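Chain residues, written in single-letter form:
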Amino acid sequence: MNLSEKDQLYHWHPYTQHKTTGLLPAIVRGEGALLWDENGKEYIDAIASWWVNPYGHSNKFIADAIYNQLTTLEHVLFGGFTNKPAVLLSEQLMKILPPNQKKIFFSDNGSTAVEVALKAALQYFYNKGEKRTTVIAFEDAFHGDTFGAMASSGITFFTEAFQGSLIDVIRIPVPTKGNESQSKEALQKAIESNSCAAFIFEPLVQGAAGMVIYAPEILDELITICKENQVFTIADEVMTGFGKTGKTFACDYLTNQPDMMCLSKALTGGTIPMAITTFTKEIFDGFYDDDTNKALFHGHTFTANPTGCAAALASLQLLQSESIQANMKCVHQSHLDFQSKIKSHPKVKTTRVLGVIFALEIISDGPAEYYGSLRNKLYNFFIENGIILRPVGNIVYILPPYIISQNQLEKVYQVVENALEIV
């Protein structure tokens, strides 16, 4: 029995209907933008393994940092203690985060980073004797799979089984081009009609919705409305953070900065699960009290794990290096060149590029289901051709490791172009 067969025997995979899914490739090795399965087949990882691996697989610089930390201090509890890598990481993050971010809270994945932010927003007002129970979010948002994060998400089939068990969330239209006024009006109405604690958003790009992109100027306006009404703003940068949009954070395109930021995925370069939620001093001060019951009672066993912090420190060093910054610009330009070539294809409805993100929308006869036949046909075609891409309905996106070679990227583009001939 090979690895794929044993996997089928033992495992329950995420977002998978196992009755209609066959054997899954068993990956045994990775290097740079490439992965190899147990049969020796090579794949180009064109989505950086769900957006976490911008510096390539088996990156020696990060691996050495992890090894050195493991042989010094692998883990120590963060409840009642601190550790050197956590302090150094926070010190480095403060240099690149928006200047209003003053406090860092560690957790272990993107969903829990969002959960921490939502709980902090709700409890802040509770601590002050004010009951605010409603959160505002965009339609088609995706913020994670824990209950608060799931409630804030708008992709209904992910959450419909749990309706009635979720916090109150009002969804407003995404302010894409032409919908800016509608989005602003909906936000103002939501705030006027409800006791709102926070507005959560994926800044500039909605990843799981199919790389839906909107302008920073309208987000600035929405944040202004929230600030005028004492509604906290939460930027979910789990996907967009650490260079995806062409800047370190998508919020770097903004004039008005959020009150909280959620970070994960590329934080440790795809090595060790870790997440961070950052806060303004105002929010932290809402919990700073002689009354112990006003503390933020949220924690994780591996909070601020020293090994994860060491990996994150190495990842930040790579991100800020001249070579990685140059590679990011090359990927961006390659995307623009491919966009110019493919946008007039008769089967392409729209294309969009931001930073290292490329997306195209395929013209489809009927509604393109998230995990429908078109998506599955495309996914299987890509895997057969040695390219790891995960279409969202009729939207194909590319979000590769920053270290991908031009030849590898050209192969990805060619396979995407070939895929248009089978739909």
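All right, on to the overall build of the chain then. What the chain contains, in helices and strands, is 14 helices and 16 strands. For the chain, whose C-alpha radius of gyration is 22 Å, the value lies close to the compact-globule estimate of 22 Å for 423 residues. Scored against the burial criterion, the 423 residues of the chain give a buried share of 54%. When contacts within the chain are restricted to residue pairs at least 6 apart in sequence, long-range pairs at least 24 apart make up 70% of them.

On to the pairing of strand 12 (residues 275-279). In regular strands, side chains alternate between the two faces of the sheet. Of all five residues in strand 12, five are buried, a share of seventy percent or more. Taking every second residue as pointing to the same face, both faces of strand 12 are buried, with Ala275, Thr277 and Phe279 on one and Ile276 and Thr278 on the other. Summarising the sheet, strand 4 (residues 103-107) and strand 12 pair through five bridges and their orientation is antiparallel. Paired with Phe106 across the bridge in strand 12 is Ile276. One ladder, built from four bridges, connects strand 11 (residues 260-263) with strand 12; its direction is antiparallel. Bridge pairing in strand 12 places Leu263 opposite Ile276.

Taken in spatial order, the seven strands line up as 4-12-11-10-7-5-6 in an open sheet, and their pairing is mixed. Both edges of this open sheet fall to strand 4 and strand 6 (168-172), since each of them pairs with a single strand only. The average undirected angle you get between the axes of adjacent strands in this sheet is 20°. Along the sheet, helix 5 (residues 110-127) makes contact with strand 4, strand 5 (134-138), strand 7 (196-201), strand 10 (232-236), strand 11 and strand 12, crossing strand 12 at roughly 30°. Running over the sheet, helix 9 (residues 216-228) touches strand 5, strand 7 and strand 10 and is turned about 170° from strand 7.

It is worth spelling out the layout of surface pockets at this point. Vacant regions in the atomic arrangement are exposed by a probe of water-molecule size rolled over the atoms. Counted as a void, the largest pocket has a volume near 1,200 Å³. If you go around the largest pocket, you meet 30 residues; those closest to its centre are Thr16, Leu24, Pro25, Tyr379 and Arg390. Only helix 1 (3-10), strand 3 (42-45), helix 2 (48-51) and helix 13 (373-384) provide two or more residues apiece to the lining of the largest pocket. Residue contributions to the lining of the largest pocket peak at five residues, all from helix 13. The wall of the second largest pocket is formed by 34 residues, among which Tyr15, Trp50, Trp51, Phe142 and Lys265 lie closest to the centre. Mapped by element, the contributors of at least two residues to the lining of the second largest pocket are helix 2 and helix 5. Classifying every residue of the lining of the second largest pocket by side-chain character gives 17 nonpolar, 10 polar and seven charged.

Calculation criteria
- Residues numbered from 1 in each chain as written.
- Predicted model: local features only at pLDDT ≥ 70, side-chain atom pairs only at ≥ 80, totals over all residues.
- Heavy atoms only, no water.
- Helix = DSSP H or I, 4+ residues; strand = E, 2+ residues; numbered from the N terminus.
- Rg over C-alpha atoms; globule rule 2.2 N^0.38 Å.
- Buried < 20%, exposed > 50% of the residue type's maximum accessible area, 1.4 Å probe, protein only.
- Contact = heavy atoms within 4.5 Å.
- Pairing = 2+ DSSP bridges.
- Axes fitted to C-alpha atoms, helices over the stretch in contact; angles between N-to-C directions.
- 1 Å grid on protein atoms, 1.4 Å probe; cavity = no way out; pocket = protein on both sides within 12 Å on 5 of 7 lines; lining within 4 Å.
- Points joined across faces, edges and corners; volume = space filled by probe spheres on them.
- Nonpolar A, V, L, I, M, F, W, Y, C, P; charged D, E, K, R; others polar.

These results come straight from atomic positions and should not be treated as a statement about function.
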